[in-house]
Amino acid sequence: MNVYDSERIAAILKNMGYKAADDVRDADLILFNTCHIREKAAEKLFSDLGRIEIIKNERAERGLETIIGVVGCVVQAENEQIAKRAPYVNFATGPLTYYRIPEILQRIANEKNICIIDTDFPAESKFDHLPQNDHTGGCAYLAIQEGCNNFCTYCIVPYTRGVETSRPIEDILHEARNLVNNGVLEINLLGQNVNSFHGEDKNGREQNLAYLLNKMAEIEGLQRLRYTTSYPADMNDELIKCHHDIEKLMPYLHLPLQSGSDKILKAMNRRHTSGQYLEIVEKLKEANPNIGMSSDFIVGFPGETDADFQATMDMVQKVNFIQAFSFKYSRRAGTPAAVYPNQVEEKVKKERLEILQNELFSRQLNFNKGCVGKIMPILFESKGRKKGEIFGRSPYMQTVIVKSGTENINRIKNVKITSGGMNALCGEL
Ligand code: SAH
Ligand code: SF4
């Protein structure tokens, strides 16, 4: 979502006449788009700002002005901290208000030496104010929904991105067609809880994600479709059926489980049990036997015992995830779980994360090795690290590297997989 937002911010700036600087020392304007999901992500901002202050001072000695702005969820949650710890920041604006950057920059130009902080949750949609999405390249993100009403007890998102809102279907289809006209072959529909989507169609009727996916699939020239991130309790039968009916929908689903323990899932306020999760996976596999599952996990949530952690390990074995993200629980001020009394020791969190990741990584490696000898359609994205190589993504989001000239970038080509490591596969066109 932040990658998408950053692209949209870049488009706003381009419209104002800005050009990307090759070196940060030449930049008149430096923006940070930030994440507040875990403490580490938020702390990164402050260490980066410290480095940028030095550059701002060096530029001032050369008589050059530098405007520093912070965008995103850290602003929503820690605007006072930003003003205190980094008083040289000129403006800070939340993830829902960055469309106002032109007027903020105008005010700064007029008034000088002001610090503007905008943490508004506006009634209007930012999407109505953004310039056209002119992303080029083979894959694009497209935000269809923002915010979340689920209030998982560990999660800061409902407080930083606000309540759930869905974009109108026609606006999404318009953006998608435009992307496809620009040469985009794959679109990943984005939202914090994308399957609670309920955007209005042109007759003003609310429609769900399954409806939108079917409409998207009709777009000629669009080859691949994905959606991220899903919430298990909202995986309804109609949506599952899309994995059978829609050929363009990739056979890969990121469906965060968080924990395998029903006690912990309840304490997290997730509206599903591990048993219900397994039922959903079963149905998905019936709809498309080739589907690969991915997940997020949190270890060391308050009250998590060895037995609860074991339940998570059991689920990893039962579902056989082909890929997953895993994190130590991070206390986010203002969320209910941050003040739960039974916090888990850092040492225990670390140990559990290591055990879980070893298991997840070895399953990922097994899956990747199992692809050797297969022919997969790869959408090439970019030049590889080595000369004469390019890389792209398989239907399962695996990175695939082949020897080829750049003419195949932004194209889908069949590749025979010749080797498989943890992080990437190699193959031949
Ligand atoms: N909306 C999605 C993902 C939201 S954030 C969902 O409901 O699954 C992405 C991931 O960050 C979450 O799935 C969760 O695993 C992790 N996360 C969120 N808050 C966290 C916290 N306080 N500590 C550790 N991980 C967290
Ligand atoms: Fe956060 Fe996802 Fe839960 Fe919403 S559903 S509160 S975004 S973890």
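Residues numbered from 1 in each chain as written. Chains lettered and ligands numbered in written order. Predicted model: local features only at pLDDT ≥ 70, side-chain atom pairs only at ≥ 80, totals over all residues. Heavy atoms only, no water.

## Examining the site of ligand 1
Basically, it comes down to this: If a single non-hydrogen atom of a residue is within 4 Å of a molecule or strand, that residue counts as near it. For this analysis, a polar contact is any N or O atom pair within 3.5 Å, provided that within protein one partner can donate a hydrogen and the other can accept it, and provided that sequence-adjacent residues contribute only side-chain to side-chain pairs. Secondary structure follows DSSP: runs of H or I at least 4 residues long count as helices, runs of E at least 2 residues long count as strands, and numbering of each begins at the N terminus. The classification used treats Ala, Val, Leu, Ile, Met, Phe, Trp, Tyr, Cys and Pro as nonpolar, Asp, Glu, Lys and Arg as charged, and all other residues, Gly among them, as polar.
Around ligand 1 sit 15 residues in total, of which R38, Q192, Q258, D296 and S330 are the nearest. In the environment of ligand 1, a nitrogen atom lies 2.8 Å from a nitrogen or oxygen atom belonging to the backbone of S330. For the shell around ligand 1, the secondary structure elements donating two or more residues are β11 (292-299) and β12 (323-328). In the shell around ligand 1, the residues fall into six nonpolar, four polar and five charged.

## Side note on the domain arrangement of the protein chain
Cut-off, in case you're wondering: How far each domain reaches was decided by an automatic or database domain assignment.
Structurally, the protein chain comprises domain 1 (2-118), domain 2 (126-369) and domain 3 (375-428). One C-alpha centre belongs to domain 1, the other to domain 3; they are set 35 Å apart.

## Structural notes on unusual backbone geometry
Following T228, the chain continues into T229 via a peptide bond in cis, with omega recorded as 0 degrees. Relative to the assigned elements, T229 resides in the loop between β9 (224-228) and α8 (237-245). With a phi close to 70 degrees, M397 is a non-glycine residue in the positive phi region. Note that M397 resides in the loop between β14 (389-393) and β15 (399-403).

## As for the site of ligand 2
Neighbouring ligand 2 are the residues C148, N150, F151, C152, Y154, C155, V157, P158, Y231 and R270. Each residue belonging to the shell around ligand 2 can be placed in one class, and the counts come to eight nonpolar, one polar and one charged.

## Re the pattern of salt bridges
The cut-off we apply is this: The rule for a salt bridge is simple: a side-chain nitrogen of Lys or Arg has to be within 4 Å of a carboxyl oxygen of Asp or Glu. Partly exposed residues are those whose accessible area sits between 20% and 50% of the maximum for their type, while under 20% is buried and over 50% is exposed, using a 1.4 Å probe and protein chains only.
Per the counting criterion, the structure on display carries 25 salt bridges. Across the pair R161 and E146 runs a salt bridge, and its minimum N-O distance is 2.6 Å. Of the two residues, R161 sits in the loop between α5 (157-160) and β7 (165-166) while E146 sits in strand β6 (residues 145-146), which places them 15 residues apart along the sequence. Residue classification places R161 among the buried positions, given a relative accessible area of 3%. A relative accessible area of 3% means that E146 is categorised as buried. One salt bridge connects D306 with R352, and the closest N-O pair in it is separated by 2.8 Å. Here D306 is found in helix α11 (residues 306-319), whereas its partner R352 is found in helix α12 (residues 346-370), with 46 residues between them in sequence. Residue classification places D306 among the exposed residues on the basis of a relative accessible area of 58%.

## Description of the packing of helix α7 (residues 209-217) against α8
So the rule is basically this: The angle between two axes is taken between their N-to-C directions and runs from 0 to 180 degrees, where each axis is a line fitted to C-alpha atoms and a helix contributes only its stretch in contact. Put simply, angles under 35 degrees are roughly parallel, angles over 145 are roughly antiparallel, angles from 65 to 115 are roughly perpendicular, and the rest are oblique. Contact between two residues is taken to exist if any of their heavy atoms lie within 4.5 Å; hydrogens are not considered.
Between α7 and α8, the shortest axis-to-axis distance is 8 Å and the interhelical angle comes to 25 degrees. Here α7 is positioned roughly parallel relative to α8, judged by the angle of their axes. On α8, the residues touching L209, A210, L213 and N214 of α7 are E238, L239 and C242. For the contact of α7 with α8, the class distribution of residues is five nonpolar, one polar and one charged.

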